[in-house]
Amino acid sequence: METRLYIPPSPNTPEVDFDFAARRLCLRGESYPESAVGFYHEILQRTRDFLGGLEEDEIHVVIELRYFNSSSTKMLFNLVDELNTAARAGNSITLDWYHDPEDDTMLEFGQELADDFPEIHFRAIPVENT
Amino acid sequence: MNQYLSDCDEHRACIIRNQGLVFYYVGYFSQNIINAIGDAVRLRLECSETPGGLRRKIFSIFIEMAQNIVHYSSDQLTPETDHDHEMRAGSVCITQESGRFLIICKNPVTTEWAQQLRQELEALRVMSVDQIRQSYREQLRREAPEHSKGAGLGLLTIARDSSGPIEYALEPDPRGDVLFTLKATL
């Protein structure tokens, strides 16, 4: 099994640090690439492969995005959908959803994910603006 | 480039007369240009007394409009077959008038695309806030439409983040295409 997927941040894409060996997946920063499908395709594929090989494991996911555009929203939804599939297969998934307390859109989308995918342990964590 | 992109029908909100201008850009848009002017828009809003939630909505509408220009303007420098590193022409204006923010974009589109836009925007215009949210939730769970280069959520996002109905115009472009204007109010 591969151990790590790392993509450094750019002005419009997040830092992707998926440490598969440590069972810790982090997305941090901005997400508004020209093509979200292009950017997230490989990330989703490798995450799916990783999750498919797990059994009764514990995975910690951290999503700390300042802003994501409409097509990235769809890709995040698909990512959490993959996590939910792994949770239903018997794994324990914790998702820490960091959001700006002034940003209703971000919190509402997180809550929607929590409602849609109840088998994921969802924690909404407010962060102060820098 | 299409000279009609810089024509402004919003005379009261016009760049030359208005003190409330936040940002105006006319010319070719690429993702790199969006990154750079996105920084300027954010900083300009942060330096004003605009609350964080409102700033985020203005920025969101700005990005969706600018990326629509990169994806769908019919005035393009890059070949039709390119789906990355595209460069296409349009304009985006963010201005403040009587305490409200107006975000207006303009770009030429093909006749076929104008029909597609009219259909989607007419449907959006008659929806209530709750219906827009519901439609957004449904589209999020559906496959992206074939004609979309994203998730088919761009116009829904603009409508969701606006505080009133979005307005649009599709006018004959003297250069042969259709000139598309979209206005969001916050």
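**With respect to the overall build of chain B**
- Helix and strand counts for chain B stand at 5 helices and 5 strands.
- Ordered by position from the N terminus, the helices and strands of chain B form the series β-α-α-β-β-α-α-α-β-β.
- Taking 2.2 N^0.38 as the reference for a compact globule, 186 residues should give roughly 16 Å; the C-alpha atoms of chain B span a radius of gyration of 16 Å, in line with that estimate.
- Taking all 186 residues of chain B together, 53% fall into the buried category.
- For chain B, contacts bridging at least 24 residues in sequence account for 65% of all contacts bridging at least 6.
- The centroid of the 20 positive side-chain charges in chain B is displaced by 7 Å from the centroid of its 25 negative side-chain charges.

**A few points about the overall build of chain A**
- When its secondary structure is counted, chain A shows 3 helices and 6 strands.
- In sequence order, the secondary structure elements of chain A are arranged as β-β-β-α-β-α-β-α-β.
- Here the C-alpha radius of gyration of chain A, 14 Å, is about what a compact globule of 130 residues would show, namely 14 Å.
- If one aligns the C-alpha atoms of chain A with their principal axes, the spans along those axes are about 40 × 30 × 25 Å.
- Within chain A, contacts between residues at least 6 apart in sequence are counted, and of these 67% link residues at least 24 apart.
- Element-wise, carbon and sulfur atoms account for 46% of the exposed surface of chain A, whose accessible area totals about 5,900 Å².
- Of the charged side chains in chain A, 10 are positive and 26 negative, and the gap between their average positions amounts to 5 Å.

**Details of empty space enclosed by the protein**
- Scanning the entire structure with this criterion turns up 1 cavity of 30 Å³ or more.
- Counted as a void, the largest cavity has a volume near 80 Å³.
- Looking at the largest cavity, it is lined by 13 residues, and the ones nearest its centre are Phe 68 and Thr 73 of chain A together with Arg 56, Tyr 136 and Arg 160 of chain B.
- Looking at the lining of the largest cavity, the elements with two or more residues in it are strand E4 (58–68), helix H2 (70–88) and helix H3 (104–116) of chain A together with helix H2 (52–72) and helix H5 (154–161) of chain B.
- For the lining of the largest cavity, the element with the most residues is H2 of chain B, which contributes 3 residues.

**What about the sheet that holds E4 of chain A?**
Residue and element names in this part refer to chain A.
- A sheet is described by the order of its strands in space; here 6 strands give the open sequence E1-E2-E3-E4-E5-E6, paired in mixed fashion. Two strands close off the open sheet at either side, each with one partner strand: strand E1 (4–7) and strand E6 (121–126). On average, each strand axis in the sheet is tilted by 10 degrees relative to the strand beside it, whichever way the strands run.
- Sheet topology places strand E3 (residues 24–31) next to E4; 8 bridges connect them, and they run parallel. Bridge pairing links Gly 29 to Leu 65 in E4.

**Concerning the sheet that holds strand E1 (residues 21–29) of chain B**
All names here are of chain B.
- Spatial strand order, E1-E2-E3-E5-E4: 5 strands in an open sheet with antiparallel pairing. A strand with exactly one partner marks an edge of an open sheet, and here the two such strands are E1 and strand E4 (167–172). Adjacent strand axes in the sheet meet at a mean angle of 15 degrees when their direction is disregarded.
- Sitting on the sheet, H2 is in contact with E1, strand E2 (88–97), strand E3 (100–109) and strand E5 (178–185), with an inclination near 5 degrees to E3.

**Details of the pattern of salt bridges**
- What the rule picks out here adds up to 15 salt bridges over all chains.
- The salt bridge involving Arg 48 of chain A is made with Glu 82 of chain A; its shortest N-O contact spans 2.7 Å. In this pair, Arg 48 of chain A sits in helix H1 (residues 36–52) while Glu 82 of chain A sits in helix H2, placing the two residues 34 residues apart along the sequence.
- On the basis of relative accessible area, Glu 82 of chain A is assigned to the buried category, the value being 18%.
- Note that Arg 123 of chain A is salt-bridged to Asp 96 of chain A, the shortest N-O span being 2.6 Å. Within this pair, whereas Arg 123 of chain A is found in strand E6, its partner Asp 96 of chain A is found in strand E5 (residues 92–99), the two being separated by 27 residues in sequence.
- On the basis of relative accessibility, which here comes to 4%, the residue Asp 96 of chain A falls in the buried class.
- A single salt-bridge network, built from bridges that share partners, covers Glu 30 and Arg 66 of chain A together with Arg 42 and Glu 46 of chain B.

**Here we look at the interface of chain A and chain B**
- Listed per partner, the contact involves 25 residues of chain A and 36 residues of chain B.
- Across the chain A to chain B interface the summed buried area is about 2,500 Å²; carbon plus sulfur atoms make up 43%.
- Of all residues in chain A, Glu 34, Tyr 67 and Lys 74 of chain A bury the most surface against chain B, accounting for 30% of the area lost on that side.
- For the interface between chain A and chain B, the tally reads 19 residue pairs in polar contact (both at pLDDT 80 or more).
- When residues of the side of chain A that touches chain B are traced back to their parent elements, those giving at least two are E4, H2 and H3 of chain A.
- For the side of chain A that touches chain B, the element with the most residues is H3 of chain A, which contributes 7 residues.
- Here the residues of the side of chain A that touches chain B are counted per class, giving 8 nonpolar, 7 polar and 10 charged.

Cut-off values and rules
- Every chain is numbered independently, its residues counted from 1 as its sequence is written.
- The lettering of chains begins at A and the numbering of ligands begins at 1, in the order of writing.
- Reporting in this predicted model follows two pLDDT cut-offs: at least 70 for local features of residues, and 80 or more for side-chain atom pairs to be given and counted; totals over whole chains, interfaces and linings ignore these cut-offs and use all residues.
- Each side-chain value is worked out from all heavy atoms of the structure, with water and hydrogens disregarded.
- Secondary structure elements follow DSSP: runs of H or I no shorter than four residues count as helices, runs of E no shorter than two count as strands, and numbering proceeds from the N terminus.
- This radius of gyration counts C-alpha atoms alone. The globule rule is 2.2 Å times how many residues there are, raised to the power 0.38.
- With a 1.4 Å probe rolled over the protein chains alone, any residue whose accessible area is under 20% of its type maximum counts as buried; one over 50% counts as exposed, and the rest are partly exposed.
- Note on contacts: a residue pair qualifies if any of its non-hydrogen atoms lie within 4.5 Å across the two residues.
- Positive: Lys, Arg. Negative: Asp, Glu. His and the chain ends are not part of the count.
- Charged side chains are reduced to one point each, which is NZ for Lys, CZ for Arg, CG for Asp and CD for Glu.
- With residues, only the protein chains shown are counted as cover, and all accessible areas are computed by Shrake-Rupley using a 1.4 Å probe.
- Within this scheme a cavity is a closed region of a 1 Å grid, computed over the protein atoms alone, that accommodates a 1.4 Å probe without allowing it to escape, whereas a pocket is open but has protein on both sides within 12 Å along at least five of seven lines; lining residues each have an atom within 4 Å of a point.
- Grid points are joined across faces, edges and corners, and a volume is the space filled by probe spheres set on the points.
- Two strands make a pair as long as DSSP finds a minimum of two bridges between them.
- Lines are fitted to the C-alpha atoms to define the axes, a helix being fitted only along its stretch in contact, and any angle between axes, read from their N-to-C directions, falls within 0 to 180 degrees.
- Should a side-chain nitrogen of Lys or Arg be within 4 Å of a carboxyl oxygen of Asp or Glu, the pair is scored as a salt bridge.
- Throughout, buried area stands for the accessible area (probe radius 1.4 Å) lost by two parts on being put together, summed over both.
- Polar contacts here mean pairs of N or O atoms no more than 3.5 Å apart (in protein, one a potential hydrogen donor and the other a potential acceptor; neighbouring residues in sequence count only if both atoms are side-chain atoms).
- Gly counts as polar in this scheme, as do all residues outside two lists: the nonpolar Ala, Val, Leu, Ile, Met, Phe, Trp, Tyr, Cys and Pro, and the charged Asp, Glu, Lys and Arg.

Note that every value here comes from positions in space, so none of it alone points to a role or purpose.
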